[in-house]
Amino acid sequence: MNTKAAPSATPVSAPAEAPVRVAVVIGSNREGRFGPVVADWLMSLLGERPDFTVDVIDAADSDLPTALSHDPSAEVRAELAKVTPKLAAADAFVVLTPEYNHSYPASLKNVIDWHHAEWQAKPVGFVSYGGISGGLRAVEHLRTVFAELHAVTVRDTVSFADAGSQFDASGTHRDPEAPAAAAKSMLDQLAWWAKALREAKEVRPYGS
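One structure accompanies this document, and this report is about it.

With respect to the pairing of strand 1 (residues 20–26)
Burial analysis of strand 1 places six of its seven residues in the buried class, the great majority of the element. Examined bridge by bridge, strand 1 and strand 2 (residues 52–58) share seven bridges and lie parallel to one another. What sits directly across from Ala23, in strand 2, is Asp55. Where the polypeptide runs from strand 1 across helix 1 (residues 35–46) and back to strand 2, its parallel neighbour, the crossover connection is right-handed. Sheet topology note: the strand 1/strand 3 (residues 92–98) ladder contains five bridges and is parallel. Residue Val22 lies in a different strand from strand 3, and its bridge partner there is Ala92.

Right, here's the structure in full:
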């Protein structure tokens with residue numbers, strides 16, 4: 001009779017979960033825009049999150065025409081090449097928008113409208129800025145646009161009312177605790193949806 005004890009099984013660790021690949025879309029291309037200040041603030045917070053990797057899509061860096069085409073010219077394809085691969089590769093998006101005349105800028109709508117499948121079955125969070133409303137009216141309009149594109153918008157947002165007064169000349173927020181907490185809530189929701197939808201699509205591809 002063998003009295004030797006059976007060797008203990010070696011614990012198998014679960015594979016590390018891949019970080020969420022988030023594309024930050026800077027929606028304004030207006031001369032003298034405030035967007036880069038808010039974007040830098042957001043990027044500093046994202047840099048502290050090991051559960052995200054980040055791409056940036058800046059509406060000011062591409063020159064997409066407003067006339068959409070199913071057969072774009074070589075010049076337009078070159079502009080799309082600056083944007084489309086990043087959108088397609090993303091698991092999630094954070095859209096950074098100002099509010100112009102109670103809505104979002106045309107440059108952002110143009111980036112959105114040149115694409116379709118790239119948005120589908122992915123979550124979208126919002127960071128907005130503006131005057132007294134903090135850009136929230138722009139966000140509410142964007143929710144209906146992204147619903148049409150089969151994207152999921154997360155509930156919590158980050159908004160900066162009277163944004164210019166909230167940051168100092170170096171771009172540092174004067175009272176960072178509250179907006180950082182708001183950003184954490186939004187990003188936590190974004191990460192949950194991104195992982196849940198990524199896992200779901202691995203089992204069953206999304207079809208619209």
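Brief notes about helix 1
Since one α-helical turn is 3.6 residues long, residues separated by three or four positions face the same way. The end-to-end C-alpha distance of helix 1 is 16 Å, a good match for the 16 Å that 12 residues give at a rise of 1.5 Å each. Taken together, the buried positions of helix 1 are Gly35, Val38, Ala39, Trp41, Leu42, Leu45 and Leu46. Taken down its axis, helix 1 places every buried residue within 160 degrees of arc, on the same side. Residues of helix 1 that are buried in the fold lie against strand 1, strand 2, strand 3, strand 4 (123–130), strand 6 (158–161) and helix 7 (177–203).

Let's talk about the packing of helix 1 against helix 7
Closest axis-to-axis distance for the helix 1/helix 7 pair is 11 Å, and the angle between their directions is 65 degrees. In the packing of helix 1 onto helix 7, the handedness of the crossing is right-handed. Contacts between helix 1 and helix 7 pair Trp41, Leu45 and Leu46 from the former with Pro179, Ala180, Ala183 and Leu187 from the latter.

Describing the packing of aromatic side chains
Taken as a whole and judged by the stated rule, the model has eight aromatic pairs. By the ring-pair criterion, three or more aromatic residues cluster together here, those being Phe34, Trp41, Tyr129, Phe160 and Phe167. The ring of Tyr100 is capped by Arg30, whose NZ or CZ atom sits 4.6 Å from the centre of that ring.

Brief notes about the nonpolar core
The biggest cluster of nonpolar side chains holds 27 residues, and the ones touching the most others in it are Trp41, Phe52, Val94, Val127, Phe160 and Leu190. Secondary structure elements with two or more residues in this core: strand 1, helix 1, strand 3, strand 4, strand 6 and helix 7. Ignoring anything within four residues of it in the chain, the contact list for Trp41 reads Val158, Phe160, Phe167, His173, Pro179, Ala180 and Ala183. The next biggest cluster of nonpolar side chains, apart from the first, holds 23 residues, and it includes Ile57, Ala59, Trp119 and Phe146.

Regarding the packing of helix 4 (residues 106–113) against helix 5 (residues 136–148)
The geometry of a pair of packed helices is captured by two quantities: the angle between their axes and the separation between those axes. Across the interface, helix 4 lies against helix 5 with an axial gap of 12 Å and an inter-helix angle of 10 degrees. One way to sum up the angle between helix 4 and helix 5 is to call them roughly parallel. Residue-level inspection shows Leu108, Lys109 and Ile112 of helix 4 in contact with helix 5, the latter providing Leu142, Val145 and Phe146. Classifying every residue of the contact of helix 4 with helix 5 gives five nonpolar, no polar and one charged.

With respect to the pattern of salt bridges
Tallying each qualifying case throughout the model produces 13 salt bridges. The partner of Arg77 in a salt bridge is Asp71, with the nearest N and O atoms 3.3 Å apart. Its salt-bridge partner being Arg143, residue Glu140 comes within 3.4 Å of it at the nearest N-O pair. Of the two residues, Glu140 and Arg143 are both situated in helix 5; the distance of three residues between them amounts to about one turn of the helix. We classify Glu140 as partly exposed; its relative accessible area is 46%. Among the charged side chains, a network of salt bridges with common partners joins Arg49, Asp51, Lys184 and Asp188.

Some remarks on the environment of Asp51
For Asp51, the location among the structural elements is in the loop between helix 1 and strand 2. Residues Asp51 and Val22, 29 residues apart in the sequence, show an inter-C-alpha distance of 9.9 Å. Residues in contact with Asp51, not counting those within four places in the same chain, are Pro19, Val20, Ala191 and Lys195. At a separation of 2.8 Å, a polar atom in the side chain of Asp51 contacts the side chain of Arg49.

Reading the values: the criteria
Residues numbered from 1 in each chain as written. Predicted model: local features only at pLDDT ≥ 70, side-chain atom pairs only at ≥ 80, totals over all residues. Heavy atoms only, no water. Buried < 20%, exposed > 50% of the residue type's maximum accessible area, 1.4 Å probe, protein only. Helix = DSSP H or I, 4+ residues; strand = E, 2+ residues; numbered from the N terminus. Pairing = 2+ DSSP bridges. Right-handed = clockwise from strand over helix to strand, strands pointing away. Expected span 1.5 Å × (residues − 1). Arc of directions from axis to C-beta. Contact = heavy atoms within 4.5 Å. Axes fitted to C-alpha atoms, helices over the stretch in contact; angles between N-to-C directions. Left-handed = near helix turned anticlockwise from the far one by under 90°. Phe/Tyr/Trp six-rings, centres within 6.5 Å; stacked < 30°, edge-to-face > 60°. Lys NZ or Arg CZ within 6 Å of the ring centre and 35° of its normal. Core = buried A, V, L, I, M, F, W, Y, C linked by side-chain atoms within 4.5 Å. Parallel < 35°, antiparallel > 145°, perpendicular 65-115°, else oblique. Nonpolar A, V, L, I, M, F, W, Y, C, P; charged D, E, K, R; others polar. Salt bridge = Lys/Arg side-chain N within 4 Å of Asp/Glu carboxyl O. Polar contact = N/O pair within 3.5 Å; in protein donor to acceptor, adjacent residues only side chain to side chain.

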